[in-house]
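# A structural walkthrough
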Amino acid sequence: MKTRFTEAAGIDIPLICGPMYPCSNKELVAAVSAAGGIGVVQPLSMVFVYKDDFREGLRWIRSQTDKPIGMNVLIEKSSKIYEERMKNWVQIALEEGVKFFITSLGNPRWVVEAAKPYGGIVYHDVTERHWALKAVDAGVHGLICVNNRAGGHAGQREARRLLADLKDLGKPLICAGGVGDPESFAEMLKMGYDGVQMGTRFIATEECGAHPDYKQAILTARAEDIAMTDKLSGTPCAIIKTPSVEKMSLQTGGVERFLLKNRRTKYLMRTYYALGSIWKLKQASVKGLSYKDVWQAGKSVEGINQILPAGEIVKQYAAALPEEMVARS
Ligand SMILES: Cc1cc2nc3c(=O)[nH]c(=O)nc-3n(C[C@H](O)[C@H](O)[C@H](O)COP(=O)(O)O)c2cc1C
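Only a predicted model underlies this, so the values are computations on that prediction, with no experimental measurement involved.

Conventions adopted
- Residues numbered from 1 in each chain as written.
- Predicted model: local features only at pLDDT ≥ 70, side-chain atom pairs only at ≥ 80, totals over all residues.
- Heavy atoms only, no water.
- Near = heavy atom within 4 Å.
- Polar contact = N/O pair within 3.5 Å; in protein donor to acceptor, adjacent residues only side chain to side chain.
- Nonpolar A, V, L, I, M, F, W, Y, C, P; charged D, E, K, R; others polar.
- Core = buried A, V, L, I, M, F, W, Y, C linked by side-chain atoms within 4.5 Å.
- Buried < 20%, exposed > 50% of the residue type's maximum accessible area, 1.4 Å probe, protein only.
- Helix = DSSP H or I, 4+ residues; strand = E, 2+ residues; numbered from the N terminus.
- Domains from an automatic or database assignment.
- Contact = heavy atoms within 4.5 Å.
- Pairing = 2+ DSSP bridges.
- Phe/Tyr/Trp six-rings, centres within 6.5 Å; stacked < 30°, edge-to-face > 60°.
- Salt bridge = Lys/Arg side-chain N within 4 Å of Asp/Glu carboxyl O.
- Axes fitted to C-alpha atoms, helices over the stretch in contact; angles between N-to-C directions.

Of all residues adjacent to the ligand, which total 24 residues, the nearest are Pro19, Asn72, Gln197, Gly199 and Thr200. Interatomic distance of 3.0 Å between a side-chain N/O atom of Gln42 and an oxygen atom of the ligand. In this structure, an oxygen atom belonging to the ligand sits 2.5 Å away from a side-chain N or O atom of Thr200. Tallied by class, the residues present in the shell around the ligand amount to nine nonpolar, 13 polar and two charged.

Bringing the nonpolar core into the picture now. Counting 83 residues, the largest nonpolar core has Met71, Phe101, Tyr193 and Phe202 as its most contacted members. With seven residues, the top contributor of residues to this core is helix α5 (residues 80-95). When residues of this core are assigned to domains, at least three fall in each of domain 1 (4-210 + 303-327) and domain 2 (212-299). Not counting chain neighbours up to four residues away, the residues in contact with Phe101 comprise Met71, Val73, Val90, Ala93, Leu94, Val111, Ala115, Ile121, Val122 and Tyr123. One finds Phe5, Ile121, Ala154 and Ala176 within the second-largest nonpolar core, a separate group that totals 16 residues.

A separate point is unusual backbone geometry. With an omega of 10°, the peptide bond running from Tyr21 to Pro22 counts as cis. Tracing the sequence through the fold places Pro22 in the loop between β1 (15-17) and α2 (26-34). Its identity as a non-glycine residue notwithstanding, Leu105 has a phi of 75°, on the positive side. The exposure class of Leu105 is exposed, given its relative accessible area of 59%.

Of the two faces of strand β2 (residues 38-41), both are covered, the one formed by Ile38 and Val40 as well as the one formed by Gly39 and Val41. Relative to β2, β1 is paired through two bridges, and the arrangement is parallel. Within β2, the residue paired with Cys17 across the bridge is Gly39. One ladder, built from two bridges, connects β2 with strand β3 (residues 70-75); its direction is parallel. Paired with Val40 across the two strands is Gly70, which belongs to β3.

One pair of aromatic rings is described through two measures. These are the centre distance and the angle between the planes. The full count for this structure, using the stated rule, is six aromatic pairs. Both rings, one in Phe54 and one in Trp89, keep their centres 5.7 Å apart while their planes meet at 45°; by these two values the pair is tilted. With Phe54 in helix α4 (residues 54-64) and Trp89 in helix α5, this pair connects stretches of sequence that are 35 residues apart. An identical accessibility class is assigned to Phe54 and Trp89; each is buried. Judged by centre distance (5.2 Å) and plane angle (75°), the ring pair of Phe100 and Tyr123 falls under edge-to-face. Here Phe100 is found in strand β4 (residues 100-105), whereas its partner Tyr123 is found in strand β5 (residues 121-126), with 23 residues between them in sequence. Since its relative accessible area comes to 0%, Tyr123 is described here as buried. Here a set of aromatic residues connected by ring pairs shows up, and it is made of Phe5, Phe100 and Tyr123.

Enumeration according to the criterion identifies 14 salt bridges in this entry. In this structure, Arg55 and Glu96 form a salt bridge, with 2.8 Å as the shortest nitrogen-oxygen distance. One end of the pair, Arg55, is in helix α4; the other, Glu96, is in the loop between α5 and β4, with 41 residues separating them in the sequence. Take Arg55: its relative accessible area is 23%, and that puts it in the partly exposed class. When its relative accessible area of 15% is taken as the criterion, Glu96 is described as buried. With a shortest N-O distance of 3.3 Å, Arg161 and Asp165 are connected by a salt bridge. Of this pair, Arg161 and Asp165 both sit in helix α8 (residues 159-166), four residues apart, roughly one helical turn. For Arg161, a relative accessible area of 46% translates into the label partly exposed. Each of Arg55, Arg59, Glu95 and Glu96 takes part in one network of salt bridges that share partners.

To continue, consider the sheet that holds β1. Pairing in this closed barrel of eight strands is parallel, and the strands run β1-β2-β3-β4-β5-β6-β8-β9 around the ring. Sheet twist, expressed as the mean angle between neighbouring strand axes with direction ignored, is 30°. Note: strand β8 (residues 173-176) against strand β9 (residues 195-198), three bridges, orientation parallel. The residue of β9 that forms the bridge with Cys175 is Val196. Sitting on the sheet, α5 touches β3 and β4, and the angle it makes with β3 is about 165°.

Structure, rendered in structure tokens:
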């Protein structure tokens, strides 16, 4: 199936395995890309959780498939060391032939500029029109429309509403959130999206390095078992209601909320949260129930009931596309 997104990214199936800290490992990225979708490297996950050298990790993926892969750039200005390191990773990715970037949080302009000489394209995560306009102004090529059913940091709008709000911007739009079965994938494309990004579905795969307890929790959870917390990063994040989550308070207190909103303290607070959650999520993902089981997942858990090879998922989803949509290409 051809869409504006598949044409721009040079792939066959408009399906992205979204970046996931701490679940994206190189095996998962390679498997999705090899099957005709596109896997996206999450550099913190690759280097910090799975202990791969960044360049060597990319080369390993290249040794498995010559199909396109992507890279996630979380733009965070609170730490100079982080910023420099991210710039260096982007440079390495460009040198190693990565041409698709997904940016989140801050202003993506520097990534657009860095990618330009290499023919790279940048899609930015957005949850509403206000941020989409800023991203378009910064020169991005497409938008990842994060809706209210997404795993990780969810948006506030429903998929249909977000599409309606952003359609006139003239950019390819990717639906992120709530897709966990082939029928919903086809439905989002029929609705008018140019592609779908999935996270939760790809955790329950043979290749994903997450702990078996985490994968099992995704298989057993229903949509109503997903809770929102701002305790991990300072912004709402979807997690599974596990026994330890039931025990913790899910929302920040008044003082924390004040510090998160205050212009002077918000970056410091976010760094504090980010450092804490980077550690907690990593431990939970690799150690399973023996550690505090704080596992991110979206409402798409509802449609997920089997651990499958990632490539098989890409094939099943592609097969769900109705004939007339494939013919649209
Ligand atoms: C465990 C987990 C970690 C995530 N980490 C990131 C991340 O590091 N960067 C990012 O841009 N998106 C991240 N996301 C969002 C996904 O890339 C994707 O947009 C989202 O999972 C789509 O919703 P779904 O889980 O319902 O498929 C994460 C999602 C999950 C479930």
